[in-house]
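Take a look at the letters that make up each chain.
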Amino acid sequence: MSAALKTVELPQETDTLEFGRRLGAALRAGDLLLLDGPLGAGKTVLTRGIAAGMGVTGRITSPTFVIARVHHPETDGPSLVHVDAYRLGGLEEIDDLDLDTDLTDAVVVVEWGEGLADQLSDTHLMLRLRRRQDDVRELTLEPHGEGWPERLGELSG
């Protein structure tokens, strides 16, 4: 199943962080999230919120130059694997990162992963961020696979 569940307006950076916190609190080991949007759309800000909701502390920055970073929570929850696939040339380079192993015991968030990382699992959540002319971000959530529509329904508000 693939359908846009909803689009959320995020007027301020704090709104993006708060939505990410709520989403992060609903995530569990094995979840794959793909973030799409142009530079400056808010992908890393959203990931910071997701990390906070998962109980991950420490600095969350774009993994552009290291390609992937692993962040561990202060609790017993899953780790957060944050990947930047922008410079990756194909599926074989994604395979080299061994992300399918992380999918069993971590939450994997991949920026620029559409067309590459979505092949890791039939069940994933696509998050499309766009910045409008008035600087408001629009986040479209597109669930793929079983269970996402129900889980995302709890994020309203």
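Structure: above.
Fair warning: this is a prediction, and the values are worked out from it, not measured in the lab.

To continue, consider the environment of Ile-60. If you trace the backbone, Ile-60 turns up in the loop between α2 (43-54) and β3 (68-71). In this structure, the C-alpha to C-alpha distance between Ile-60 and His-82, residues 22 residues apart in sequence, is 8.7 Å.

Time to look at the environment of Arg-21. By the element assignment, Arg-21 lies in helix α1 (residues 13-26). As for Arg-21 and Ala-52, which are separated by 31 residues in sequence, their C-alpha atoms are 5.6 Å apart.

Turning our eyes to something else, we now look at the pattern of salt bridges. In this structure the tally under the stated criterion is 11 salt bridges. Note that Arg-128 is salt-bridged to Asp-36, the shortest N-O span being 3.4 Å. In this pair, Arg-128 sits in strand β6 (residues 124-131) while Asp-36 sits in strand β2 (residues 32-36), placing the two residues 92 residues apart along the sequence. Judged by relative accessible area, which is 18%, Arg-128 ranks as buried. On the accessibility criterion, Asp-36 (16% relative accessible area) is buried. Across the salt bridge formed by Arg-128 and Glu-142, the nearest N and O atoms sit 3.1 Å from each other. Of the two residues, Arg-128 is situated in strand β6 and Glu-142 in strand β7 (residues 137-144); the sequence distance between them amounts to 14 residues. Shared partners join several salt bridges into a network, and the residues in it are Glu-9, Arg-132, Asp-134 and Glu-138.

Geometry of an aromatic ring pair is reported as the spacing of the ring centres plus the angle between the planes. Overall, the coordinates contain 0 aromatic pairs when judged by the stated rule. The side chain of Arg-151 reaches across the aromatic face of Trp-148, ending 4.4 Å from its centre.

Each regular strand carries side chains that alternate between the two faces of the sheet. In terms of burial, β2 is largely enclosed, as 5 of its 5 residues are buried. Burial along β2 is two-sided: Leu-32, Leu-34 and Asp-36 facing one way and Leu-33 and Leu-35 facing the other are all buried. By the bridge criterion, 4 bridges tie β2 to strand β5 (residues 106-111) in an arrangement that is parallel. What sits directly across from Leu-33, in β5, is Val-109.

Rules of the game
- Residues numbered from 1 in each chain as written.
- Predicted model: local features only at pLDDT ≥ 70, side-chain atom pairs only at ≥ 80, totals over all residues.
- Heavy atoms only, no water.
- Helix = DSSP H or I, 4+ residues; strand = E, 2+ residues; numbered from the N terminus.
- Salt bridge = Lys/Arg side-chain N within 4 Å of Asp/Glu carboxyl O.
- Buried < 20%, exposed > 50% of the residue type's maximum accessible area, 1.4 Å probe, protein only.
- Phe/Tyr/Trp six-rings, centres within 6.5 Å; stacked < 30°, edge-to-face > 60°.
- Lys NZ or Arg CZ within 6 Å of the ring centre and 35° of its normal.
- Pairing = 2+ DSSP bridges.

Interpretation note: all reported values are geometric properties and have no functional meaning in isolation.
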